Amino acid sequence: QKGVWMMRMKTGKGHTERPREIYFYDMVQFDPHSGTVRNIRRVPEMHRIERFGRWVTTMITGFLRGEQKWWKPKALADFQEARRQVVEGDDDDWIPDLQDFESCSGRIVNSWSFGTLSVLMIVFNSIYIWIDADYNKGQGFRDTSWGFIFMDNLFCAWFFVELIVRFLAFKQKYNAFRDRWFVLDFVLVVLMV
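These lines cover the structure that appears in this document, whether it is placed above or below.

What counts as what
Residues numbered from 1 in each chain as written. Predicted model: local features only at pLDDT ≥ 70, side-chain atom pairs only at ≥ 80, totals over all residues. Heavy atoms only, no water. Axes fitted to C-alpha atoms, helices over the stretch in contact; angles between N-to-C directions. Helix = DSSP H or I, 4+ residues; strand = E, 2+ residues; numbered from the N terminus. Parallel < 35°, antiparallel > 145°, perpendicular 65-115°, else oblique. Left-handed = near helix turned anticlockwise from the far one by under 90°. Contact = heavy atoms within 4.5 Å. Nonpolar A, V, L, I, M, F, W, Y, C, P; charged D, E, K, R; others polar. Core = buried A, V, L, I, M, F, W, Y, C linked by side-chain atoms within 4.5 Å. Buried < 20%, exposed > 50% of the residue type's maximum accessible area, 1.4 Å probe, protein only. Salt bridge = Lys/Arg side-chain N within 4 Å of Asp/Glu carboxyl O. Expected span 1.5 Å × (residues − 1). Arc of directions from axis to C-beta. Patch = residues over 30% accessible without salt bridge, like charges linked within 9 Å, V, L, I, M, F, W, Y side chains within 5 Å. Areas by Shrake-Rupley, 256 points an atom, 1.4 Å probe, with all protein chains shown as cover.

Closest axis-to-axis distance for the helix 4 (residues 112-135)/helix 5 (residues 146-168) pair is 11 Å, and the angle between their directions is 150°. It follows that helix 4 is roughly antiparallel to helix 5 by the angle criterion. Judged by the twist between their axes, the crossing of helix 4 over helix 5 is left-handed. Along the contact surface, helix 4 presents F114, L117, S118, M121, I122, F124, N125, Y128, I131, D132 and Y135, while helix 5 presents F148, M151, D152, F155, W158, F159, E162, V165 and R166. When the residues that make up the contact of helix 4 with helix 5 are grouped by side-chain class, the tally is 14 nonpolar, two polar and four charged.

This is the structure we're talking about:
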């Protein structure tokens, strides 16, 4: 599911190949060509803790993508209403996907492990700032312990690499500053350097 309420996929072979849409909240498969809807089910059934984890991941992904009402589950009816607004041209808030999901960097940025690692590095950096403020007795670069210098450079390097990978994931590079995660990473790297 990767933190989204809906997924597009192709089914069939050859000339019968058509895109279908899976809606995870309703647990239905929708064929946009014919307009048919059929129920699906997950095998094996998910445990409560798995459902909760998926719900949290989806909420965080919606928030970070800047979705309106990111806390509200999106059903098939919500997507059809958004589709109607786009077709009729009365949706001013619609923003196309900014990232190239097919590129290597796009797949990395949208992976669960990359997002989790990013959040963990932010948390560890916050803890490290507390440790550095309390235990680093050095006044400048020359009288600071090598461990503090190493950790500073490690966090700076991680955030710089994360910034570059996120930048490469955009279809049009000038849209980078419309992404909240990218802006956060950019500010962190500028402040650290």
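Having seen the model, we can carry on.
Core analysis: the biggest nonpolar cluster contains 16 residues, and V109, F114, F155, W158, F159, F170 and F182 have the highest contact counts within it. No other element matches the six residues that helix 5 contributes to this core. For W158, the contacting residues outside a window of four places in its chain are F114, L117, S118 and M121.

On to the pattern of salt bridges, then. Following the criterion strictly, the structure yields two salt bridges and no others. Of the charged contacts in the structure, one is a salt bridge between R166 and D185, with a shortest N-O distance of 2.9 Å. Of this pair, R166 sits in helix 5 while D185 is found in helix 6 (residues 180-192), placing the two residues 19 residues apart along the sequence. The exposure class assigned to R166 is buried, which follows from its relative accessible area of 4%. One salt-bridge network, held together by shared partners, links E162, R166 and D185.

Its 17 residues give helix 1 (residues 48-64) an end-to-end C-alpha distance of 24 Å, which sits within 8% of 24 Å, the value for a rise of 1.5 Å per residue. Every buried residue belonging to helix 1 is among T58, M59, T61 and G62, and all of these are buried. The buried residues of helix 1 occupy an angular sector of 165° when projected down its axis, which confines them to one face. Backbone geometry just after helix 1 places G66 at a positive phi near 80°.

Let's shift gears to a nonpolar patch on the surface. Together, V119, L120, V123, F124, I127, W130, I131 and Y135 make up an exposed nonpolar region whose accessible area comes to about 750 Å². As for its placement among the helices and strands, I131 is situated in helix 4.

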